[in-house]
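# An overview of the molecular structure
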Amino acid sequence: MLTQEEEDPAGRAMTTEAEVIDLRARLAAADARIERVDRDRDESDRHAQSLEAEFHHRMRNTLAVLRSVFARTLDSGGTLEDIGNHFQGRFDVIARYEVARGIEPGATFDLETMIRDELLSVLAAHDDRVSLSGPDIALSRETAITMALALHELATNAIKFGTLSVSDPRPRLAVTWQRAADTLSLQWQESGVPVIADAPMRSGFGRDYIEQGLPYQLGATTDFQLRPGGVSCTITLPL
């Protein structure tokens, strides 16, 4: 066994046993790094494929929702301008939550912020006739986008035909919500406004969405009433 570097008869340096051991260790470490890189690359590929599949699934669902909303908007009738404006408002709601989902896929949405956003989308500024009250509640994206459309329909109706359609300071809109165990109950209560005979929420997309869409999509129960004083709507759903 060589204990130091020696030369063979041809004058070439001969490798010591320690150098051989060191070389083998370096090769083993290099092999381990290559294996880690390969594993990381495979994991990255699987993650990318999973994200792509999720993206396509979400896009198909979103397009299906948009097609349904557009068809129901057309069925509600009205002038081309009315149809365009109604669909634009509903499209904006869906787009807002889809963009938020794209930025932060696992994001949740605060219920009070959602209600304020929908009211501000139809109001120029804060309105003292409106009161909001309830605990902090975070909704998943799937629940949030469905609820946001319902809130949009209620807010749009209030500004066009309900509490917020008149300059009189006496009408009121109170939105309250409570949580009991894993159940959310939200009340939208308008008061002080007489019912307008041609108010669209007597029938049409908004009312159908609340009375049929929410139970179908979220397993909610709803109680919608159009009566003297304005709209009274209660939505109860599992969280």
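Each remark here, short or long, concerns the structure printed above.
The structure displayed is predicted, hence computed values, not measured ones. (Residues numbered from 1 in each chain as written. Predicted model: local features only at pLDDT ≥ 70, side-chain atom pairs only at ≥ 80, totals over all residues. Heavy atoms only, no water.)

What follows concerns the environment of Arg90. When you line up the elements, Arg90 lands in helix α2 (residues 80-103). For the pair Arg90 and Phe70, spaced 20 residues apart in sequence, the C-alpha separation works out to 8.9 Å. Setting aside residues no more than four positions away along its own chain, Arg90 makes contact with Val69, Thr73, Leu149, His152, Glu153 and Phe205. (Helix = DSSP H or I, 4+ residues; strand = E, 2+ residues; numbered from the N terminus. Contact = heavy atoms within 4.5 Å.)

It is worth spelling out the nonpolar core at this point. Among the nonpolar cores identified, the biggest contains 42 residues, and Met114, Leu119 and Trp188 are the most heavily contacted of them. Elements that contribute at least two residues to this core include exactly α1 (17-75), α2, α3 (111-120), α4 (141-160), β4 (172-180), β5 (183-191), α5 (205-218) and β7 (230-238). The element best represented in this core is α4, accounting for 10 residues. Apart from residues no more than four positions distant in its own chain, Leu119 is found in contact with Val130, Leu132, Ala155, Leu164, Leu173 and Trp188. (Core = buried A, V, L, I, M, F, W, Y, C linked by side-chain atoms within 4.5 Å. Buried < 20%, exposed > 50% of the residue type's maximum accessible area, 1.4 Å probe, protein only.)

With their axes 9 Å apart at the nearest point, α3 and α4 run at an angle of 40° to one another. Classified by the angle between their axes, α3 and α4 sit oblique to one another. Viewed along their axes, α3 and α4 form a crossing whose handedness is right-handed. For the pair formed by α3 and α4, the contact residues are Met114, Ile115, Glu118 and Leu119 on the first element and Ala144, Met147, Ala148, Leu151, His152 and Ala155 on the second. For the contact of α3 with α4, the per-class residue count stands at 8 nonpolar, 1 polar and 1 charged. (Axes fitted to C-alpha atoms, helices over the stretch in contact; angles between N-to-C directions. Parallel < 35°, antiparallel > 145°, perpendicular 65-115°, else oblique. Left-handed = near helix turned anticlockwise from the far one by under 90°. Nonpolar A, V, L, I, M, F, W, Y, C, P; charged D, E, K, R; others polar.)

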